[in-house]
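The lines below spell out each chain.
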Amino acid sequence: MSSESVKSFSSLETPGYVGFANLPNQVHRKSVKKGFEFTLMVVGESGLGKSTLVNSLFLTDLYPERVIPDVVEKQKQTVKLDASTVEIEERGVKLRLTVVDTPGFGDAIDNSDSFSAILEYIDEQYERFLRDESGLNRRNIVDNRIHCCFYFISPFGHGLKPLDIEFMKKLHSKVNIVPVIAKADCLTKKEIQRLKCRILQEIEENGIKIYPLPDCDSDEDEDYKEQVRQLKEAVPFAVCGATTLLEVKGRKVRGRLYPWGVVEVENPDHCDFIKLRTMLITHMQDLQEVTQEVHYENYRSERLAKGVKRNNGVAKDETDIVITDKDRILQEKEAELKRIQGELARMQEKIKAQQ
């Protein structure tokens, strides 16, 4: 290489500057190109406005063909899970949003078995992800694990019901729980504050672990620190949803019309809707990381521990999947290596014959 080319190349560099400060931009471009995945579960009794709230949060209609069962059908209905996926694009950023609804939860006379289907579904998604991770094609794994669960609490009681407490205690070690007080427009501000205090007290008394908003670093700007402080104070979020556009004083707002006035969904003085959406969007990455590093790792370690016990002769059942998958992968790789070696040997023989 000539001295001139070396000089022209080095002239582009700033003394004392390597260039790795550009790495965040590379990560950003790659993430935007790939898109993002997020799975949200909504749990609560019928009639608390779960579907309306989700549609309001993401400005889309996730349930265009939903049929609401009548009273007779509800008596016979069991808990089932309904997953709806929609691709949302905003300023070039794509989000594959999956919302898992739980119609039938808490509607029966005996709800003692109402959460087993939900727990099974969460475990199934972890199991599927574990199998995909242990498989051959790990590049295109679809992450359907539940990253966040909005648990809807009725505004008409005096706190948590026994079903709420029992369900959250079974769920908190598997998923990030965000408690939500539904239909907050039914209550006055004093009633909302009293109910929030009561719910937080019962959550603490029963040892329920809800999703903790991450603490701010000391070098964060003051606006962000204030935002996080307000979000922490708002838990549990008292919300109401609406997809109808109304005109109020010459401006269009989404809200609910009552004889005494309009409840504006996106007005922070009326409810915590904006705070809930800010929490979800601002901490979406953290929700995914906690799911990966805490809840999924707990499930994975338990599964592998069962596999070790099986190897020691303690148990032999369906937990063989992880071990046999690894054995199968090794066998396939060995077979592929032998095939390539055979082809190379044949090619070498042909070259020798031609010479």
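Predicted model, so just to flag it, every value in this text is computed and none were measured. (Residues numbered from 1 in each chain as written. Predicted model: local features only at pLDDT ≥ 70, side-chain atom pairs only at ≥ 80, totals over all residues. Heavy atoms only, no water.)

Quick word on the packing of aromatic side chains
- Under the counting rule described, the total for this entry stands at four aromatic pairs.
- Taking the centre distance of 5.2 Å and the plane angle of 85 degrees together, the rings of phenylalanine 129 and tyrosine 296 count as edge-to-face. Residue phenylalanine 129 is located in helix α5 (residues 116-134), and its partner tyrosine 296 is located in helix α10 (residues 284-311); the two are separated by 167 residues in the primary sequence. Like tyrosine 296, phenylalanine 129 is buried.
- Judged by centre distance (5.4 Å) and plane angle (25 degrees), the ring pair of tyrosine 151 and phenylalanine 167 falls under stacked. Linking tyrosine 151 in strand β4 (residues 148-153) with phenylalanine 167 in helix α6 (residues 162-171), this pair joins segments that are 16 residues apart in sequence. (Phe/Tyr/Trp six-rings, centres within 6.5 Å; stacked < 30°, edge-to-face > 60°. Helix = DSSP H or I, 4+ residues; strand = E, 2+ residues; numbered from the N terminus. Buried < 20%, exposed > 50% of the residue type's maximum accessible area, 1.4 Å probe, protein only.)

Quick look at the sheet that holds strand β8 (residues 251-258)
- Read across the sheet, three strands follow the order β7-β8-β9 without closing on themselves; strand pairing throughout is antiparallel. Edge positions in the sheet fall to β7 (245-248) and β9 (261-264), since each of these pairs with one other strand and no more. Taken pair by pair, the neighbouring strands of this sheet meet at an average axis angle of 70 degrees, ignoring direction.
- Bridge count for β7 against β8 is four bridges, and the pairing is antiparallel. Directly across from valine 248, in β8, lies its bridge partner arginine 251. (Pairing = 2+ DSSP bridges. Axes fitted to C-alpha atoms, helices over the stretch in contact; angles between N-to-C directions.)

Some details on the nonpolar core
- Counting 36 residues, the largest nonpolar core has Phe38, Phe150, Val178, Phe237, Leu276, Met279 and Leu280 as its most contacted members.
- When residues of this core are traced back to their parent elements, those giving at least two are β1 (36-43), α3 (50-58), β3 (93-101), β4, β5 (177-181), α8 (222-234), α9 (273-282) and α10.
- Among residues more than four places away in sequence, those in contact with leucine 280 are Phe38, Phe58, Cys148, Phe150 and Leu287.
- Core analysis: the next-biggest nonpolar cluster, separate from the first, contains 35 residues, Val43, Ile122, Ala184 and Ala238 among them. (Core = buried A, V, L, I, M, F, W, Y, C linked by side-chain atoms within 4.5 Å. Contact = heavy atoms within 4.5 Å.)

Remarks on the sheet that holds β5
- An order of β2-β3-β1-β4-β5-β6 is seen for the six strands of this open sheet, with the pairing classed as mixed. Whereas interior strands pair on both sides, the edge strands pair on one side only; in this sheet they are β2 (82-90) and β6 (237-238).
- Here β4 pairs with β5 via five bridges, running parallel. Bridge assignment links cysteine 149 to a residue of β5, and that residue is isoleucine 177.
- Each of β1, β2 and β3 is contacted by α5, which is oriented at about 165 degrees to β1, the strand it contacts most.

Points about the pairing of β7
- Taking every second residue as pointing to the same face, the buried face of β7 carries Leu246 and Val248, while none of Leu245 and Glu247 on the other face is buried.
- Once β7 ends, the chain turns through two residues before running back antiparallel as β8, passing lysine 249 with a positive phi of about 50 degrees.

Overview of a nonpolar patch on the surface
- There is a patch of nonpolar side chains on the surface, built from Ile340, Leu344 and Met347 and spanning about 280 Å² of accessible area.
- Inspection of the secondary structure assignment puts leucine 344 in helix α11 (residues 321-354). (Patch = residues over 30% accessible without salt bridge, like charges linked within 9 Å, V, L, I, M, F, W, Y side chains within 5 Å. Areas by Shrake-Rupley, 256 points an atom, 1.4 Å probe, with all protein chains shown as cover. Salt bridge = Lys/Arg side-chain N within 4 Å of Asp/Glu carboxyl O.)

Here's the deal with the packing of α8 against α9
- One can describe the packing of α8 onto α9 by two numbers: an axis separation of 10 Å at closest approach and a directional angle of 120 degrees. Relative to α9, the element α8 lies oblique. In this structure, α8 crosses over α9, and the sense of that crossing is left-handed. Within the contact between the two elements, α8 uses Tyr224, Gln227, Leu231 and Ala234 and α9 uses Lys275, Thr278, Met279 and Thr282.
- Its residues assigned to classes, the contact of α8 with α9 comprises four nonpolar, three polar and one charged. (Parallel < 35°, antiparallel > 145°, perpendicular 65-115°, else oblique. Left-handed = near helix turned anticlockwise from the far one by under 90°. Nonpolar A, V, L, I, M, F, W, Y, C, P; charged D, E, K, R; others polar.)

Let's talk about the pattern of salt bridges
- Scanning all chains against the criterion turns up 12 salt bridges.
- The partner of glutamate 45 in a salt bridge is lysine 161, and the shortest N-O contact between them spans 2.9 Å. Of the two residues, glutamate 45 sits in the loop between β1 and α3 while lysine 161 sits in the loop between β4 and α6, which places them 116 residues apart along the sequence.
- Judged by its relative accessible area of 34%, lysine 161 is partly exposed.

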